[in-house]
Amino acid sequence: ERWQAPPPVTLDSTPWPAPPQDTFEACVAQWFEALVLSEYVPAALEWCRAHRVTCMREVVDQRSDLAAELPLRLLERRRLVDRGVAAAAGFDGAAVATSRLESSQTGAEVWLSPPQVTLG
């Protein structure tokens with residue numbers, strides 16, 4: 001039996017699919033949007049990379065450290081720290097689903113549920 005070259009590869013003009021909406025970066029962006037802090041998303045993602053934070057639970061757990069390093073105004077810093085746990089509910093299902101987070105401000109326990117993702 002004689003070897004035959006594989007057929008030539010042709011590239012079509014079909015665009016690559018959009019990244020999933022539940023990626024870590026998208027979740028951070030949605031979280032900051034929910035806190036009305038969208039302008040700080042690039043700096044927050046850079047902080048996450050520098051601190052090797054890779055899931056929303058870690059971001060929420062370390063929100064005080066994050067707030068201290070971002071150029072936030074006083075009320076923005078308070079919003080991130082005080083409302084961060086509640087605003088994170090439902091983001092990053094793979095990393096946050098059924099995770100228990102304790103609020104350092106109130107001592108209250110908050111259970112985060114998986115997000116409702118609809119494709120299409």
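Figured I'd write up the structure that's included with this text.

1. Some details on the overall build of the protein chain
Thought 1: Helices and strands together make up the secondary structure of the protein chain, namely six helices and two strands.
Thought 2: Order of helices (α) and strands (β) in the protein chain, N terminus to C terminus: α-α-α-α-α-α-β-β.
Thought 3: For the protein chain, contacts bridging at least 24 residues in sequence account for 55% of all contacts bridging at least 6.
Thought 4: Of the accessible surface of the protein chain, which amounts to about 8500 Å², a share of 54% is contributed by carbon and sulfur atoms.

2. Topic: the environment of R79
Thought 1: Looking at where R79 falls in the secondary structure, it is placed in helix α5 (residues 74–88).
Thought 2: The exposure class assigned to R79 is partly exposed, which follows from its relative accessible area of 22%.
Thought 3: Residues R79 and L37, 42 residues apart in the sequence, show an inter-C-alpha distance of 9.1 Å.
Thought 4: A polar contact is formed between the side chain of R79 and the backbone oxygen of L35, at a distance of 2.9 Å.

3. A short note on unusual backbone geometry
Thought 1: In this structure, V36 takes a positive phi of about 55 degrees despite not being glycine.
Thought 2: In this fold, V36 is placed in the loop between α1 (24–34) and α2 (41–50).
Thought 3: Take V36: its relative accessible area is 63%, and that puts it in the exposed class.

4. Brief notes about the side chain of E76
Thought 1: Relative to the assigned elements, E76 resides in helix α5.
Thought 2: The buried category is assigned to E76, whose relative accessible area is 5%.
Thought 3: Only 2.8 Å separates the side chain of E76 from the side chain of R73, close enough to count as a polar contact.
Thought 4: Residue contacts for E76: discarding those within four places in its chain leaves L37 and Y40.

5. Section: the nonpolar core
Taken as a class, soluble globular proteins show a tendency for nonpolar side chains to be buried jointly.
Thought 1: V28, W31, F32, V59, L66 and L80 are the most contacted members of the largest nonpolar core, which totals 26 residues.
Thought 2: Contributing elements (two or more residues each) for this core: α1, α2, α3 (56–61), α4 (63–69) and α5.
Thought 3: The contacts of V28, once residues within four sequence positions are left out, are A44, L45, M56 and V59.

6. Describing the packing of α1 against α5
To describe two helices that pack against each other, one gives the angle between their axes and the distance between the axes.
Thought 1: Put simply, α1 and α5 touch, their axes get as near as 10 Å, and they point 120 degrees apart. Taken as axis vectors, α1 and α5 run oblique relative to one another. For the pair α1 and α5, the sense of crossing is right-handed. For the pair α1 and α5, contact is made by W31, F32 and A34 and by L80, G84, A87 and A88, respectively.
Thought 2: Of the residues in the contact of α1 with α5, the class split is six nonpolar, one polar and no charged.

7. Observations concerning the state of the cysteines
Thought 1: In total, this model carries zero disulfides according to the counting rule given.
Thought 2: Looking at C48, it has no disulfide partner, and the nearest cysteine sulfur is the one in C55, 9.7 Å off.

Conventions we followed
Residues numbered from 1 in each chain as written. Predicted model: local features only at pLDDT ≥ 70, side-chain atom pairs only at ≥ 80, totals over all residues. Heavy atoms only, no water. Helix = DSSP H or I, 4+ residues; strand = E, 2+ residues; numbered from the N terminus. Contact = heavy atoms within 4.5 Å. Areas by Shrake-Rupley, 256 points an atom, 1.4 Å probe, with all protein chains shown as cover. Buried < 20%, exposed > 50% of the residue type's maximum accessible area, 1.4 Å probe, protein only. Polar contact = N/O pair within 3.5 Å; in protein donor to acceptor, adjacent residues only side chain to side chain. Core = buried A, V, L, I, M, F, W, Y, C linked by side-chain atoms within 4.5 Å. Axes fitted to C-alpha atoms, helices over the stretch in contact; angles between N-to-C directions. Parallel < 35°, antiparallel > 145°, perpendicular 65-115°, else oblique. Left-handed = near helix turned anticlockwise from the far one by under 90°. Nonpolar A, V, L, I, M, F, W, Y, C, P; charged D, E, K, R; others polar. Disulfide = S-S within 2.5 Å.

Without other data, these values stay purely geometric and don't point to any function.
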